[in-house]
Amino acid sequence: MSNIYITTPIYYVNDIPHVGHAYTSIACDALSRFFRLKGQKVFFLTGTDEHGLKIQQVTKDKNIETQDFVDQMSTNFQNLTKTLNLTNDDFIRTTSERHVRSVRDFWSRLQNNNQIYLDKYSGWYSVRDEAFYSENEIIDGKAPSGSKVEWVEESSYFFKLSEWGDKLLDFYKENPEFVKPNSRFNEVVSFVEQGLKDLSISRTSFDWGIKVPGDEKHIIYVWIDALTNYLTALDYPDIKAEKYLNYWPANYHIVGKDILRFHAIYWPALLMAANLPLPNQIIAHGWWTVEKEKMSKSMGNVIDPNEMILKYGLDQFRFFLLREVPFGNDGDFSISSLISRVNSDLANSFGNLVNRVFSMTNKNLDGLVPDAEITDKEQILIEMCDEKISDYMVFFKNVEISKALESVSDMVSNTNKYIDDMKPWSLAKEGKLDDLKIVLKASLEMVRIISILFYPVMPNSSKKILNALNISLDSDKSSFTGENQIAPLVVNQKIGELNLLFPKIDKIEG
Ligand code: MSP
């Protein structure tokens with residue numbers, strides 16, 4: 001089975017982590033856990049982007065040592081990986097020695113392939129976006145992103161991006177799944193169709209960055225520095241290294257829509273120019289607003305993931321972010337929608353299902369997994385469930401996580417409905433023990449499968465349920481159903497007790 005390499009963007013350390021950063025990281029974590037569950041080897045990378053004029057300006061304003069500042073700010077993101085319960089295999093920092101070596105080597109490769117030349121740059125630069133803009137992109141004196149731009153004139157190295165337009169278009173044609181969602185891919189293609197200009201890839205007006213090999217006045221453009229992180233973590237420039245051989249090219253670069261151009265145009269062009277294989281897929285997600293406003297420090301509406309997790313619970317927060325908005329779309333963060341989502345999907349549906357199945361089994365069957373043969377009614381439930389599992393697998397692979405979660409929620413509703421129809425409480429009262437056993441056996445089985453399917457998004461809660469069912473996910477089984485299924489239930493084994501997993505949240509609290 002093929003190995004999977006998944007990356008988040010590396011986060012700029014000029015900011016403290018907010019819900020937008022948490023979102024990408026949680027999505028990548030869920031995807032990583034999904035593939036591991038399927039028995040595939042995964043390398044999941046995240047980290048921090050610490051160079052560039054933007055960072056240098058912040059520390060100059062604050063009159064502090066830049067290295068001290070980035071160390072401190074990177075720690076916030078490292079701590080967040082723990083708070084979010086991420087299973088990242090590495091955390092890359094662009095100020096680390098291994099990365100500096102890797103970027104300089106990448107540069108030399110481009111230079112050796114005659115892809116770089118020295119000239120003069122004059123044009124518009126946005127410090128906030130760390131991006132160059134052409135005259136026709138400037139709207140009312142601002143970048144298309146709304147950021148301030150400044151006129152820059154300096155000696156600069158250029159990458160011969162203009163030579164790669166046709167090859168990029170051929171590549172896009174041959175790889176129609178390269179960028180998701182499709183609408184964003186169309187934007188990328190039409191941008192390239194309009195013709196690409198060579199890209200300025202060094203600056204001389206500041207020094208917080210990686211120096212150009214052989215011309216140390218020049219600092220390598222922060223985006224070349226940043227993109228190369230994906231190679232560094234696999235021990236590039238050693239392209240015979242085990243990690244590199246096992247995991248390059250990346251399967252999924254997950255990024256926000258604002259940085260798609262860098263990943264879907266510059267990055268593949270740079271890799272082609274360096275004679276290295278291109279990533280399989282770039283997935284662009286949308287942006288979160290807060291109560292319909294853009295999140296910003298000046299508005300004072302920045303959502304701190306730590307605060308949300310303390311208040312509403314980690315799995316609840318992870319579930320809300322991934323379930324609420326179809327991946328790729330913009331979304332609006334509001335406490336009231338978080339509360340509604342958690343109360344309806346988790347407290348009232350999934351939590352209720354788990355609670356009632358556990359309490360009826362404990363009360364009526366001494367907590368033993370019943371030995372019972374299912375009937376046609378249960379067969380219908382199981383077939384529906386198999387269909388939903390197939391959907392789930394496809395959705396997850398396509399990083400349509402909200403749809404994958406919807407499929408699981410459908411299974412929850414169907415199982416709750418099955419229980420309502422079968423009325424096991426009446427069967428218990430009437431002493432119909434054999435019938436009761438069938439219903440609880442099927443229900444426990446559904447709880448088992450649903451918990452496994454929810455595991456990538458809600459690992460803590462799922463593990464609690466599966467532990468109570470005596471099921472360990474650390475098995476070498478790799479299918480969700482059938483012969484080779486992950487950890488089946490064992491008949492006559494005693495299940496544990498479970499505390500309330502998803503307490504209903506009081507609306508007033510929000
Ligand atoms: N350092 C670059 C990425 C280099 S990758 C080789 C960068 N960093 S960033 O910190 O500004 O943004 C990191 C990610 O966070 C981006 O994917 C961006 O889209 C995402 N988000 C930042 N704010 C966001 C929201 N409000 N909502 C959703 N995601 C957002 O760009």
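Residues numbered from 1 in each chain as written. Predicted model: local features only at pLDDT ≥ 70, side-chain atom pairs only at ≥ 80, totals over all residues. Heavy atoms only, no water.

Student: What should I look at first to understand the site of the ligand in this one?
Tutor: Neighbouring the ligand are 23 residues, the closest being Ile10, Asp49, Gly256, Asp258 and Trp288. Isoleucine 10 places a main-chain nitrogen or oxygen 2.8 Å from a nitrogen atom of the ligand. Contacts to the ligand include tryptophan 288, whose backbone N or O atom sits 2.9 Å from a nitrogen atom. Notes on the ligand: free accessible area 670 Å², of which the protein chains cover 94%. Take the shell around the ligand: its biggest share by element is 4 residues, from strand E1 (residues 4-12). Class assignment for the residues of the shell around the ligand results in 13 nonpolar, 8 polar and 2 charged. (Near = heavy atom within 4 Å. Polar contact = N/O pair within 3.5 Å; in protein donor to acceptor, adjacent residues only side chain to side chain. Areas by Shrake-Rupley, 256 points an atom, 1.4 Å probe, with all protein chains shown as cover. Helix = DSSP H or I, 4+ residues; strand = E, 2+ residues; numbered from the N terminus. Nonpolar A, V, L, I, M, F, W, Y, C, P; charged D, E, K, R; others polar.)

Student: Help me understand the pattern of salt bridges in this model?
Tutor: Pairing of side chains with opposite charge becomes possible as their charged atoms draw close. For the structure on display, the rule yields 23 salt bridges. Here arginine 93 makes a salt bridge to glutamate 50, at a shortest N to O gap of 2.7 Å. Here arginine 93, found in strand E3 (residues 90-93), pairs with glutamate 50, found in the loop between strand E2 (42-49) and helix H2 (53-62); they are 43 residues apart in sequence, far enough to count as distant. Side by side, arginine 93 and glutamate 50 carry an identical accessibility label, which is buried. Of the charged contacts, one joins lysine 388 and aspartate 410 as a salt bridge, the two residues approaching to 2.9 Å between their closest N and O atoms. Separated by 22 residues along the polypeptide, lysine 388 in helix H14 (residues 376-397) and aspartate 410 in helix H15 (residues 401-422) bring together distant segments of the chain. Three or more residues are tied together by salt bridges with common partners; here these are Arg323, Glu324, Arg341 and Asp345. (Salt bridge = Lys/Arg side-chain N within 4 Å of Asp/Glu carboxyl O. Buried < 20%, exposed > 50% of the residue type's maximum accessible area, 1.4 Å probe, protein only.)

Student: Would you take a moment to explain the nonpolar core for this structure?
Tutor: Nonpolar side chains in soluble globular proteins tend to end up buried together. Formed by 93 residues in total, the largest nonpolar core has its most connected members in Phe317, Phe333 and Phe350. Among the elements that make up this core, the one with the highest residue count is helix H17 (residues 433-454) (12 residues). Formed jointly, this core draws a minimum of three residues from each of two domains, domain 1 (4-286) and domain 2 (335-478). Setting aside residues up to four positions removed in sequence, phenylalanine 333 forms contacts with Val19, Trp288, Thr289, Val290, Glu291, Ile303, Met308, Phe317, Phe320, Leu321 and Leu338. (Core = buried A, V, L, I, M, F, W, Y, C linked by side-chain atoms within 4.5 Å. Domains from an automatic or database assignment. Contact = heavy atoms within 4.5 Å.)

Student: Would you explain the environment of isoleucine 339 in this entry?
Tutor: Tracing the sequence through the fold places isoleucine 339 in helix H13 (residues 335-364). A relative accessible area of 1% means that isoleucine 339 is categorised as buried. Taking the C-alpha atoms as reference points, isoleucine 339 and phenylalanine 317, separated by 22 residues in sequence, lie 9.8 Å from one another.

Student: For this particular structure, what's the right way to read empty space enclosed by the protein?
Tutor: To locate leftover empty space, one rolls a probe as large as a water molecule over the atoms. Within the structure shown, the criterion is met by 1 cavity of 30 Å³ or more. Each pocket or cavity is described by its volume, and for the largest cavity that value is around 50 Å³. Tyr11, His21, Ser25, Thr46, Phe77, Leu80, Thr81, Leu84, Leu86 and Phe91 are the residues that line the largest cavity. Within the residue set of the lining of the largest cavity, elements represented by two or more residues are helix H1 (19-37) and helix H3 (66-83). Here the lining of the largest cavity gets 3 residues from one element, more than from any other, and that element is H3. (1 Å grid on protein atoms, 1.4 Å probe; cavity = no way out; pocket = protein on both sides within 12 Å on 5 of 7 lines; lining within 4 Å. Points joined across faces, edges and corners; volume = space filled by probe spheres on them.)

Student: What exactly am I supposed to notice about the side chain of serine 126 here?
Tutor: Along the chain, the position of serine 126 falls in strand E4 (residues 116-126). Overall, serine 126 belongs to the buried group, its relative accessible area being 0%. Reaching out from serine 126, the side chain makes a polar contact with the backbone nitrogen of arginine 128 at a distance of 3.4 Å. Ignoring any residue separated from it by four or fewer positions in sequence, one finds serine 126 in contact with Ala131, Tyr133, Ser147, Lys148 and Val149.

Student: What am I meant to see in the domain arrangement of the chain here?
Tutor: Frequently, the measure chosen for interface size is the accessible area that the parts lose on association. Along its sequence, the chain is organised into domain 1 (4-286) and domain 2 (335-478). Inter-centroid distance (C-alpha atoms) of domain 1 to domain 2 is 42 Å. Across the contact, 13 residues belong to domain 1 and 15 residues belong to domain 2. Taken over both partners, the interface formed by domain 1 and domain 2 buries close to 1,300 Å², and the fraction arising from carbon and sulfur atoms is 71%. It is Arg33, Phe34 and Leu37 in domain 1 that bury the most area against domain 2; as a group they hold 45% of the surface buried on that side. For the pair domain 1 and domain 2, the number of links is 0 salt bridges. Put simply, domain 1 and domain 2 have 3 residue pairs in polar contact (both at pLDDT 80 or more) between them. Looking at the side of domain 1 that touches domain 2, the elements with two or more residues in it are H1 and strand E12 (252-256). Considering each element in turn, the side of domain 1 that touches domain 2 owes the most residues, 7 residues, to H1. Partitioning the side of domain 1 that touches domain 2 into residue classes produces 9 nonpolar, 2 polar and 2 charged. (Buried area = accessible area lost by both parts, 1.4 Å probe.)

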